[in-house]
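Remarks on the overall topology
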Amino acid sequence: MTKLLPRRNFSAAMLGLAAMPWFTLAASPAGDLGAAPEFTGIDKWLNSAPLSMQGLAGKVVLVDFWTYSCINCVNTLPHVVRWYEKYKDQGFVVIGVHTPEFAFEKLTSNVEAALQRFDIRYPVAQDNGFSTWKAYENQYWPAFYLVDKSGHVRRKHFGEGQYAEMDAAIQSLLAQPAGG
């Protein structure tokens, strides 16, 4: 039997409304979604020396795929910045993976200007060749992958919204012992 999409989801998908600020694609259910891929093919690291998932073992990591001219991404940034500031001293790391949609977004100087404009102090990996994007099999801006201390993706979310749920998931993973 074929499962049909609810009318709103089907209509939104067919009309391309999934990119609209008020439309949120569903988050993954809680659970182990597999090992987080390594960062690969990164053109430049901003606000940080190069990082790896292996090197971040023992930390809770939020991998945020974004681009600075995407309004949906811009709308999520205050929440991401707030989570980083709130939890950075508790073993939480945000890695912004800036993956450009347009050619002008590939310029490091433009990305650096965006980091200043949005007060982004966490590490940002410039993924101009979509290598890390492809490693995560990502398809959306913005896209969030929450990784536990053991390096496993525990939550995915695409689009805007579900900020309280993500905050609660971050707190829950920070409270768990490493390896647990």
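Residues numbered from 1 in each chain as written. Predicted model: local features only at pLDDT ≥ 70, side-chain atom pairs only at ≥ 80, totals over all residues. Heavy atoms only, no water.

1. As for the overall build of the protein
Where we set the bar: Only DSSP runs of H or I with at least four residues qualify as helices, and only runs of E with at least two residues qualify as strands; both kinds are numbered from the N terminus onward. Any residue under 20% of the maximum accessible area for its type is buried, any over 50% is exposed, and the rest in between are partly exposed; the area is computed with a 1.4 Å probe on protein chains only. Accessible surface area values rest on a Shrake-Rupley calculation with a 1.4 Å probe, where residue burial reflects the displayed protein chains alone.
Scanning the protein from terminus to terminus reveals five helices and six strands. Considering the protein as a whole, with its 180 residues, one finds that 43% of them fall into the buried category. Roughly 9,200 Å² of accessible area belongs to the protein as shown, and the carbon and sulfur atoms make up 55% of that amount.

2. Concerning the sheet that holds strand S4 (residues 124-126)
Quick reminder of the rule: Each pair of strands is called paired provided DSSP finds at least two bridges between the two strands. Here an angle of 0 to 180 degrees is reported between the N-to-C directions of two axes, which are lines fitted to C-alpha atoms, with helices fitted over the stretch in contact. Residues are treated as being in contact if the distance between any of their heavy atoms lies within 4.5 Å.
The strand order across the open sheet formed by six strands is S1-S4-S3-S2-S5-S6, and the pairing between neighbours is mixed. Because the sheet does not close on itself, it has two edges, and the strands there are strand S1 (44-46) and strand S6 (153-158). Each adjacent strand pair in this sheet contributes to an overall mean axis angle of 20 degrees, direction not counted. Alignment of strand S2 (residues 60-66) against strand S3 (residues 92-98), held across seven bridges, turns out to be parallel. Considered in S3, the bridge of Val63 is made with Ile95. Most of the contacts of helix H2 (residues 71-87) go to S2, to which it runs at about 160 degrees, and overall it touches S2, S3 and strand S5 (143-147).

3. Some thoughts on the pairing of S6
Regular strands place side chains that alternate from one sheet face to the opposite one. As paired elements, S5 and S6 share five bridges and run antiparallel to each other. Paired with Tyr145 across the bridge in S6 is Lys156.

4. Some words on unusual backbone geometry
Omega for the peptide link from Trp141 to Pro142 comes to -20 degrees, which places this bond in the cis form. For Pro142, the location among the structural elements is in the loop between helix H4 (131-135) and S5. Backbone geometry at Asn47 places phi at a positive 65 degrees, although glycine is not the residue there. Tracing the sequence through the fold places Asn47 in the loop between S1 and S2. Judged by its relative accessible area of 44%, Asn47 falls in the partly exposed class. Backbone geometry at Gln162 places phi at a positive 55 degrees, although glycine is not the residue there. Assignment of secondary structure puts Gln162 in the loop between S6 and helix H5 (163-175). Gln162 gets classed as partly exposed once you look at its relative accessible area, which sits at 30%.

5. Quick notes on the packing of aromatic side chains
Formally: Any two of the Phe, Tyr and Trp rings considered here, Trp counted by its six-membered ring, make a pair once their centres fall within 6.5 Å; the pair's planes then place it as stacked at under 30 degrees, edge-to-face at over 60, or tilted in between.
Tallied over the full model, the rule gives 15 aromatic pairs. Judged by centre distance (5.4 Å) and plane angle (65 degrees), the ring pair of Phe65 and Tyr136 falls under edge-to-face. One end of the pair, Phe65, is in strand S2; the other, Tyr136, is in the loop between H4 and S5, and 71 residues separate them in sequence. Residue classification places Phe65 among the buried positions, given a relative accessible area of 0%. Ring centres of Phe130 and Trp141 lie 6.3 Å apart, and the angle between their planes is 85 degrees; on these two criteria the pair is classed as edge-to-face. Of this pair, Phe130 sits in the loop between S4 and H4 while Trp141 sits in the loop between H4 and S5, and the two are eleven residues apart along the sequence. Take Phe130: its relative accessible area is 21%, and that puts it in the partly exposed class. Judged by relative accessible area, which is 22%, Trp141 ranks as partly exposed. Grouping aromatic residues by their ring pairs yields a cluster made of Phe65, Phe130, Trp133, Tyr136, Tyr140, Trp141, Tyr145 and Phe158.

6. Observations regarding the pairing of S5
With five of its five residues buried, S5 lies for the most part within the structure. Here S5 shows no split at all, with Ala143, Tyr145 and Val147 on one side and Phe144 and Leu146 on the other all buried. One ladder, built from five bridges, connects S2 with S5; its direction is antiparallel. Paired with Val63 across the two strands is Tyr145, which belongs to S5.

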